[in-house]
Amino acid sequence: MRGKDNARTGGEILIDQLAIHGVRYAFCVPGESYLAALDAFYGSNIKLIVCRHESSAAIMAEAIGKITGRPGICFVTRGPGATNASAGVHIARQDSSPMIVFVGQVAREMREREAFQELDYRAVFGTMAKWATEIDDPARIPEIVSRAFHIACNGRPGPVVIALPEDMLSERVSVPDATAFQLAEIWPGAPDMDRLQLLLRTAKSPIALIGGSRWAEDATAALMRFAQRFALPVATTFRRGHLFDALHPCYAGDLGIGPNPRLLARVKSADLVLLIGGRFSEMPSQSYSVIDIPEPQMKLVHVHPGAEELGRVYHPHLAINATPTAFCSELEKLQAPEKITWRGESDTAHADYLAWGDKATPVPGAVNLGEIMVWLRENLPHDAIVTQGAGNFSGWVHRFYRVRKFGGLVGGTSGSMGYGLPAAVAMQTLYPERIVICVSGDGDFLMTGQDFATAIQYELPVIVLVADNGIYGTIRMHQEREYPGRVIATGLRNPDFVAYALAFGGYGAVVEKTAEFPAAFAAARASGKPSIIHLKIDPEAITPTATLTGIREKALAGGGGKGKSETHRG
Ligand SMILES: Cc1ncc(C[n+]2csc(CCOP(=O)(O)OP(=O)(O)O)c2C)c(N)n1
Ligand SMILES: [Mg+2]
């Protein structure tokens, strides 16, 4: 309770700062270690969403940060709450998403005795977070929280972890509030843009690769106009498909796991690569095999908001330290050459993209995930949101689904299983009017499946597709490649996912044949409830073009992978 003297508890000061910095949603699992902060949410305008697991709460916050560009907020208790939340902290790090995790801490006078659930957060999150700190004095909350917002967003965005000693949160002090934080734009210099203009004038086969964070819908629209004026092919990198309209005539496709070989060849043979926003890390770079390290075989223009990322892996011909938002608005000022020598290449690249995902490939079994993706792309509104976790099922999303709008695909570039459902809950909270679909695997879904309860509790009608093949498919695939026939620890005995949905108070339907999907989807929509559609997938359908048996036979014929190789035996 606030006193007449304007003194506030640390908890109240903290929640007041969040409101000042524009926070609308926070995600938590409660803990006795931060009761005074919880109490300060009482009557506040910030919607506090209570979750069933801290990894879900942290992923929800990360997804909000990823899509809004402003820090997602998560509150967890000390010790086990913090370690559970670490999955989301790691995702925010690798995906460059702004996020702030507030963690309870033991009372100040007990520190360093290894009191109940005590952790040294600076040490635990020291290499994972962009900044990990602890607040000792409630009078410094406005300063430290303001700094956390700036650090989380500016430069290369990332996660901040702030520990809150319990007695600090209940101490009363009088202190002025901070003012709202500033999202700093980093503008490219005029000489940078002149050099880029020159490079584009002499290029023969340029391509743009886009990824990373610090984007906004306006920036993607500016980039689309630029691409069209320059007839420049543009590819999105792993799980960043929402940055470019898949039906834009310059869209060259998605460079992620199992990409279109034509796109891969196009990037490898380009004489100019314009890499905007991303790091071109292990997944899009096909294990660092596409662009030579450290000296790229082509001229590389790398645009990144974090100066320390420029030249970290690839030595750029032109390094531009800029946010994608600022850079893309400057692109509008560039003059297209009178005669574009590569004209026609973007049409070919787009045609290659469309052809690659045009029709679902035939797969074993009665349910074809590719056909379901084709149905979704033809029947969903252009602003639908698809979220996903990690597993082979996601290969069908990338190849056959078409993302049309900013925020339309939300996935973890860091490949963390269990991402899809919490991300769907976060997106439906943020965009109540958009259709939100989570595509998950049977293994993937149950990593955070308990937070289906959160969707129910907040009446968020997300539709979860569980692609149930009864295996941890990705790992089984690698197993068959490397150790053919030696199947271990990759089989799953699954629950009845329809009964699971019903038990929580949601809607559930099973799909045993592809043709049953449209009716199941319509019924899920009509129910208005959070829903699970249980897709019975044949485990043999391990990728859109390979079967498990085929992979095993190939490995055996070729000498049998690592498990059978001489080097591994000896
Ligand atoms: C948190 C986490 N744990 C483990 C892994 C390793 N992993 C990657 S994919 C995968 C299997 C995914 O199985 P499922 O969700 O059933 O999808 P499928 O591959 O069968 O389509 C595993 C275990 C991971 N990426 N993330
Ligand atoms: Mg599976």
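Residue numbers here run from 1 along each chain, matching the order of that chain's written sequence. Chains carry letters from A onward and ligands carry numbers from 1 onward, assigned in written order. Only residues with pLDDT of at least 70 get local features here, since the model is predicted, and only at 80 or more are side-chain atom pairs given and counted; chain-wide, interface and lining totals rely on the full set of residues. Note that the side-chain values use all heavy atoms of the structure and ignore hydrogens as well as water.

Q: Pulling in residues and values, what's your account of the environment of isoleucine 488?
A: Every helix listed is a DSSP run of H or I at least four residues long, and every strand listed is a run of E at least two residues long, numbered separately from the N terminus. In this fold, isoleucine 488 is placed in the loop between α18 (473-482) and α19 (497-504). Along the chain, isoleucine 488 and arginine 476 lie 12 residues apart, while their C-alpha atoms are 8.3 Å from each other.

Q: An account of the coordination of the magnesium ion (ligand 2) is requested, with residue identities and associated values reported.
A: Coordination here is defined by N, O and S atoms within 2.8 Å of the metal (3.2 Å for Na, K and Ca), and since water is not considered, a site can look incomplete. The coordination sphere of the magnesium ion (ligand 2), as far as protein atoms go, consists of Asp442 (OD), Asn469 (OD1) and Ile471 (O), spread over 2.0 to 2.2 Å. All donors to the magnesium ion (ligand 2) come from one chain, and their sequence spacing reads D-x26-N-x1-I. Here the residue aspartate 442 occupies a position in helix α16 (residues 442-448), and asparagine 469 occupies one in the loop between β18 (463-468) and α18, the gap between them amounting to 27 residues. Residue burial is assigned from relative accessible area. The probe radius is 1.4 Å, only protein chains are included, and a residue is buried under 20% of its type maximum, exposed over 50%, and partly exposed in between. Taking relative accessible area as the criterion, aspartate 442 reaches 3% and is therefore assigned buried.

Q: Just give me the short version of the sheet that holds β18, but keep the residues and values in it.
A: Across the sheet, which stays open at both edges, the six strands sit in the order β16-β15-β17-β18-β20-β19 with parallel pairing between neighbours. Strand pairing shows two members of the sheet lacking a second neighbour, β16 (409-411) and β19 (507-511), which therefore form its edges. Across this sheet, the average inter-strand angle for adjacent strands is 20 degrees, counted without regard to direction. In the sheet, strand β15 (residues 385-388) pairs with β16 via three bridges, with the strands oriented parallel. Residue pairing for β16: threonine 387 is matched across the bridge by valine 410. Seen against the sheet, α19 touches β18, β19 and β20 (531-536) and runs at an angle of roughly 170 degrees to β19. In short, DSSP must find at least two bridges between two strands for them to pair. Between the N-to-C directions of two axes lies an angle of 0 to 180 degrees, each axis being a line fitted to C-alpha atoms and, for a helix, fitted only over the stretch in contact. Any two residues whose heavy atoms approach within 4.5 Å at even a single point are treated as in contact.

Q: Which residues make up the packing of helix α13 (residues 369-379) against helix α20 (residues 517-527), and what values go with them?
A: Running from N to C, α13 and α20 cross one another at 50 degrees; their axes reach a closest spacing of 11 Å. With respect to their mutual orientation, α13 and α20 come out oblique. The crossing of α13 and α20 is right-handed. Contacts between α13 and α20 involve Ile372, Trp375 and Leu376 from the former and Phe517, Pro518 and Phe521 from the latter. Tallied by class, the residues present in the contact of α13 with α20 amount to six nonpolar, no polar and no charged. Oblique is the label for every angle not falling under 35 degrees (roughly parallel), over 145 degrees (roughly antiparallel), or within 65 to 115 degrees (roughly perpendicular). A crossing counts as left-handed when the near helix is turned anticlockwise from the far one by less than a right angle, and as right-handed when that turn is clockwise. For this classification, Asp, Glu, Lys and Arg are treated as charged, while Ala, Val, Leu, Ile, Met, Phe, Trp, Tyr, Cys and Pro are nonpolar and the rest, including Gly, are polar.

Q: So what's going on with the site of ligand 1? Residues and values would help.
A: Taken together, 17 residues sit near ligand 1, with Asn392, Gly415, Asp442, Asp444 and Gly473 positioned nearest. At a separation of 2.9 Å, an oxygen atom of ligand 1 approaches a polar backbone atom of glycine 443. Here ligand 1 has 590 Å² of accessible area as a free molecule, and 77% of this is covered by the chains. Per-element tally for the shell around ligand 1: the top contributor is α16, with four residues. Classifying every residue of the shell around ligand 1 by side-chain character gives seven nonpolar, eight polar and two charged. The criterion for a residue being near a molecule or strand is simple. One of its heavy atoms has to lie within 4 Å of it. Definition of a polar contact: a pair of N or O atoms within 3.5 Å, with one able to donate and the other able to accept a hydrogen when the atoms are protein atoms, and with sequence-neighbouring residues admitted only if both atoms are side-chain atoms. Shrake-Rupley sampling with a 1.4 Å probe provides the accessible areas, and residues are treated as covered by the protein chains on show and by no other component.

Q: Give a detailed account of the confidence of the model for the protein chain, specifying residues and quantitative values.
A: Per-residue confidence for the protein chain gives a mean pLDDT of 96; residues scoring 70 or more make up 97%. For every residue, the predictor reports its confidence as pLDDT, a number between 0 and 100. Scored below 50 in pLDDT, residues 563-570 shows six contacts in the model against residues more than four places distant or in partner chains.

Q: Give me the lowdown on the pairing of strand β2 (residues 25-28), citing residues and values where you can.
A: Burial along β2 is two-sided: Tyr25 and Phe27 and Ala26 and Cys28, pointing in opposite directions, are all buried. Bridge count for β2 against strand β3 (residues 47-50) is four bridges, and the pairing is parallel. Its bridge partner being in β3, alanine 26 is matched across the sheet by leucine 48. As a crossover connection, the stretch from β2 through helix α2 (residues 35-41) into β3 is right-handed. Pairing geometry for β2 and strand β4 (residues 72-76), over three bridges, is parallel. Looking at β4, one finds that phenylalanine 27 is bridged to cysteine 74. For the handedness criterion, the strands are oriented away from the viewer, and a crossover whose path from the first strand over the helix to the second runs clockwise is classed as right-handed.

Q: Which residues make up a nonpolar patch on the surface, and what values go with them?
A: In this analysis, a patch consists of residues with relative accessible area above 30% that form no salt bridge, clustered at 9 Å for like charges and at 5 Å for the nonpolar side chains Val, Leu, Ile, Met, Phe, Trp and Tyr. Only one rule defines a salt bridge in this text: a Lys or Arg side-chain nitrogen within 4 Å of an Asp or Glu carboxyl oxygen. Taken together, the side chains of Met447, Tyr472 and Ile475 define a hydrophobic patch exposed on the protein surface, amounting to about 270 Å² of accessible area. Assignment of secondary structure puts tyrosine 472 in the loop between β18 and α18.

Q: For empty space enclosed by the protein, give the residues involved together with the corresponding values.
A: Grid points spaced at 1 Å over the protein atoms alone were grouped into cavities, where a 1.4 Å probe fits but cannot get out, and pockets, open sets with protein on both sides within 12 Å along at least five of seven lines, with lining residues defined by an atom within 4 Å of a point. Grid points are joined across faces, edges and corners, and a volume is the space filled by probe spheres set on the points. Considering all chains together, one arrives at three cavities of 30 Å³ or more under this definition. When its volume is computed, the largest cavity comes out at roughly 110 Å³. Surrounding the largest cavity, Gly241, Phe244, Ala246, Tyr251, Asp254, Tyr353, Val397, His398, Tyr401, Arg402, Val403 and Leu409 form its lining. Elements that contribute at least two residues to the lining of the largest cavity include exactly β11 (251-255) and α14 (394-400).

Q: If you had to explain the pairing of β11 to someone new, which residues and values would you point to?
A: With five of five residues buried, β11 is to be regarded as a mostly interior element. When strand β10 (residues 234-237) meets β11, the two strands line up parallel, connected through four bridges. Paired with threonine 236 across the bridge in β11 is aspartate 254.

Q: Tell me about helix α10 (residues 261-269), and please be specific about residues and values.
A: Residues Leu263, Leu264, Arg266 and Val267 constitute the buried set of α10. The buried residues of α10 occupy one face: seen down the axis, they fall within an arc of 160 degrees. Structural note: α10 exposes Arg262 and Ser269 on the side pointing more than 90 degrees away from its buried face. In this structure, the buried residues of α10 make contact with β9 (206-210), β10, β11, β12 (272-276) and α12 (345-356). Measuring from the side-chain oxygen of the N-cap residue of α10 to the backbone nitrogen of arginine 262 gives 3.0 Å; that N-cap residue is asparagine 260. It is the directions from the helix axis to the C-beta atoms that the arc portrays.

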